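# Fold and contact review
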Amino acid sequence: MSQKSKRIKELFGYACTLTREQGVGAMASRAAGFCKRRFLGKKARYLPGKETLQAQRQDAAAQKFPTISILTPLYNTPENFLRPYIESVIGQTAPNWQLVLADASDADHAKVADIVREYAADEPRIVYTKIENKGISANTNAAAKLATGPYLALADHDDMLAPHAVYCAGRLLAETGADFVYSDEALFEKSPERPKVGHFKPDYAPEYLMAVNYICHLAVFKKELFEAVGGERPACDGAQDHDLFLRIIDEMQRRDPAAKPLHIPQVLYYWRVHAASTSSGTDAKPYVVAAAQKAVADHLAATGRRGTVEEGKFPGTCHIRWQIDEPQPLVSILIPNKDHIDDLEKCLHSLYAKTTYESFEVLVVENNSADPATFAYYKKLPQRYENARVITYNGGFNFSAINNFARRYAQGQYLLLLNNDVEVLNGDWLTQMVGECSQPGVGICGAMLYYPDDTVQHAGVVTGLGGYAGHSHKYHKRGGSGYMFRLATVQDYSAVTAACLLVRTAVYDAVHGLDEAFTVAFNDVDFCLRVRDAGWRIVWTPYAELYHYESKSRGSDEKDTAKKARFDTERERLYAQHGRDNILHDPYYSPSLSLDYEDFRESADLRNLK
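Residues numbered from 1 in each chain as written. Predicted model: local features only at pLDDT ≥ 70, side-chain atom pairs only at ≥ 80, totals over all residues. Heavy atoms only, no water.

### Looking at the overall build of the protein
Short version of the rule: By the criteria applied, helices consist of DSSP H or I runs no shorter than four residues and strands consist of E runs no shorter than two, each listed in order from the N terminus. All accessible-area figures derive from a Shrake-Rupley calculation using a 1.4 Å probe, and residue coverage is judged against the displayed protein chains alone.
A count of helical and extended segments in the protein gives 19 helices and 23 strands. Carbon and sulfur atoms make up 52% of the accessible area of the protein, which totals about 24,900 Å².

### Looking at the packing of aromatic side chains
Short version of the rule: In summary, the pairing rule links any two rings of Phe, Tyr or Trp, Trp by its six-membered ring, whose centres are within 6.5 Å, and it sorts them by plane angle into stacked for under 30 degrees, edge-to-face for over 60 and tilted for everything else. Exposed residues in this analysis have more than 50% of their type's maximum accessible area, buried residues have under 20%, and partly exposed residues fall in between, with area computed by a 1.4 Å probe over protein chains only. Only lysine NZ and arginine CZ atoms are considered, and such an atom sits over a ring when it is within 6 Å of the ring centre and within 35 degrees of the ring normal.
Summed over all chains, the structure comprises 24 aromatic pairs. When the ring of Tyr-352 is compared with that of Tyr-385, the centres are 4.8 Å apart and the planes differ by 35 degrees; the resulting orientation is tilted. Placement of Tyr-352 in helix α12 (residues 341–354) and of Tyr-385 in the loop between α13 (372–384) and β14 (388–393) is noted, with a sequence separation of 33 residues between them. Classification of Tyr-352 as partly exposed rests on a relative accessible area of 23%. We classify Tyr-385 as buried; its relative accessible area is 5%. Through a chain of ring-to-ring contacts, the aromatic side chains of Phe-180, Phe-221, Phe-226 and Phe-245 assemble into a single cluster. Above the plane of the ring of Tyr-450 lies Arg-478, whose end atom (NZ or CZ) is 4.5 Å from the centre. Here the guanidinium or amino end of Arg-486 rests over the ring plane of Tyr-208, the centre of that ring lying 5.6 Å away.

### Comments concerning helix α11 (residues 287–303)
Which entries qualify depends on this criterion: Helix span is expected to be 1.5 Å times the residue number reduced by one.
Its 17 residues place the ends of α11 25 Å apart at the C-alpha level, agreeing with the 24 Å of an ideal helix rising 1.5 Å per residue. Within α11, the full set of buried residues consists of Val-288, Val-289, Ala-291, Ala-292, Gln-293, Ala-295, Val-296, His-299 and Leu-300. The first or second residue beyond α11 is Gly-304, which carries a positive phi of 75 degrees.

### As for the pattern of salt bridges
Applicable threshold: Only one rule defines a salt bridge in this text: a Lys or Arg side-chain nitrogen within 4 Å of an Asp or Glu carboxyl oxygen.
Enumeration according to the criterion identifies 32 salt bridges in this entry. Note that Glu-79 and Lys-111 form a salt bridge whose closest N and O atoms lie 2.7 Å from each other. With Glu-79 in helix α4 (residues 79–90) and Lys-111 in helix α5 (residues 111–120), this pair connects stretches of sequence that are 32 residues apart. Classification of Glu-79 by relative accessible area gives partly exposed; the value is 31%. Salt-bridge contacts for Asp-509 lead to Arg-407; the nearest nitrogen and oxygen are separated by 2.8 Å. Here the residue Asp-509 occupies a position in helix α16 (residues 505–510), and Arg-407 occupies one in helix α14 (residues 399–407), the gap between them amounting to 102 residues. In this structure Asp-509 comes out as partly exposed when scored by relative accessible area, which is 35%.

### Brief notes about the packing of α4 against α5
The line we're drawing: Lines fitted to C-alpha atoms define the axes, with helix axes restricted to the stretch in contact, and inter-axis angles between N-to-C directions lie between 0 and 180 degrees. Angle categories: roughly parallel below 35 degrees, roughly antiparallel above 145, roughly perpendicular from 65 to 115, and oblique for all the rest. A crossing counts as left-handed when the near helix is turned anticlockwise from the far one by less than a right angle, and as right-handed when that turn is clockwise. Note on definitions: a residue-residue contact is assigned when non-hydrogen atoms from the two residues lie within 4.5 Å. The classification used treats Ala, Val, Leu, Ile, Met, Phe, Trp, Tyr, Cys and Pro as nonpolar, Asp, Glu, Lys and Arg as charged, and all other residues, Gly among them, as polar.
For the pair α4 and α5, the least separation of the axes is 11 Å and the interaxial angle reads 25 degrees. In terms of their interaxial angle, α4 and α5 are classed as roughly parallel. Here the hand of the crossing between α4 and α5 comes out right-handed. Residues Glu-79, Leu-82, Arg-83, Ile-86, Glu-87 and Ile-90 of α4 touch α5, and the partners they reach there are Lys-111, Val-112, Ile-115, Val-116, Glu-118 and Tyr-119. By residue class, the composition of the contact of α4 with α5 is 7 nonpolar, no polar and 5 charged.

### With respect to the pairing of strand β12 (residues 331–337)
Definition in use: Note: two strands are recorded as paired if DSSP finds a minimum of 2 bridges between them. If you view a crossover with the strands going away from you and the path from the first strand over the helix to the second runs clockwise, you call it right-handed.
Judged by how many residues are buried, β12 sits mostly within the fold: 7 of 7 residues are covered. Examined bridge by bridge, β12 and strand β13 (residues 360–367) share 7 bridges and lie parallel to one another. Considered in β13, the bridge of Ile-333 is made with Val-362. On the question of chirality, the crossover connecting β12 to the parallel β13 by way of α12 is right-handed. Two elements, β12 and strand β15 (residues 414–418), share 4 bridges in a ladder whose sense is parallel. The residue of β15 that forms the bridge with Ile-333 is Leu-416.

Written out as structure tokens, the structure reads:
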């Protein structure tokens, strides 16, 4: 079946489910939104309506929002960029802003000062200073010295703010007293009303932030924190904001370990795409790569974490090779098996032939095999594969119960739940997973799984996809970067598949293992959500790669009436255990992205932005 056919079949199945559960009206509304987005254009699709903006102006006049000082270094700024930028600030629906412009333009661009003074003559909230050009960080720090607001924001001289940027940020700051908030953003070439693409971000995701500066714009933070960390560092010019965000968050968490930035799921900032802009790619500024690596390396040193930062799979991304304690912690690999010894042999052979991590044991969990050849294979297994043995589970098929049973025999500090129909691809896959799972606060690590045709089978689980849960970037071609590098960087997710799932044994025990009421489906999602609720993070790494032959050993639930009924029951149990709203609102997946597809496309109605 082709990739397109798979998607059509899955979408049709979801449409039938939505119609059955929520009625024809809900299905018609969803279809209408899709058609509107697909065929009727995308003008101003991220902007609230005029009525909403007017209501914000009236509300802001009656509120006491904190002042946000917007810092913008200027350097030879073209007039056709500078005027729209200043006007986007002046046109804000809330008045609680100050615009601080530090002008480092050369003598040939004196018009920059003339333009700013023209606006400042009518607008006292605009503060201007002429400075010597010492680089982006030093110039930003010079602007910060003139800021009078308790909060600072960073904006580039060639970009634009959405008209409700200050209102949305100010309102959240007033309501929460937060130290740090950030928003979504969009790219444009000529006008924000014709954006090229939106960047819809997850809530605070610390592993993702070390891999790439996904926070970017618009970021608003306390001036006191900016001063406490010494402002921006010229040594990190090119990735100065990334470096600043890491250091501010470190300072926040030094004071309060539970502190974290808050995400505003609104497009409040517009990046202009042109030849010299970083928004057009890091090729425009090659030094960004080295600066980002320095920022992350210094963050590791400051927080006492041991690892080597190297360039990631794509320019502008970072990858950390974590230092693992010696002796290596033991990993107990649990592999349920019923017959299918060809699959099992492929799995074990690849595991032992390729894995460079040395400290592991393998427990093959026999459950109800019928082929005599299977038991003959088992007899030879301990002699063929070191530290491998077979244990026998005598109950009916229940994936959760089988793994809980195997846990009793496991001696490792980590447990790796592994399907018998996977094949290891890269030798350091387990080293990468142990490195990630050993980090402070991380309880579970998942892997990149491919179909045999080299399309993505699993790159993390997003709850709410299809109404319940689905795999990120499913069917995407191998080797791509995915949405905002989310297919090529270590990621925070709400869940990962148990086809290859590494968990600290202590964490597994603390949440009492897998829930045996989930016999086949959603046991991994439920397990990960319980681990997340217990305060641990779940990460996924693209640096552990395996083929997955998609559960050949138990067949398709869709073709068997009894299996399908069981699947539906377990799906409903997921809602009952975790709540429908919790399932449909994954913190690591933006509400502006589609729940109908796995490829991070925009939601058909963009209802959250209106």
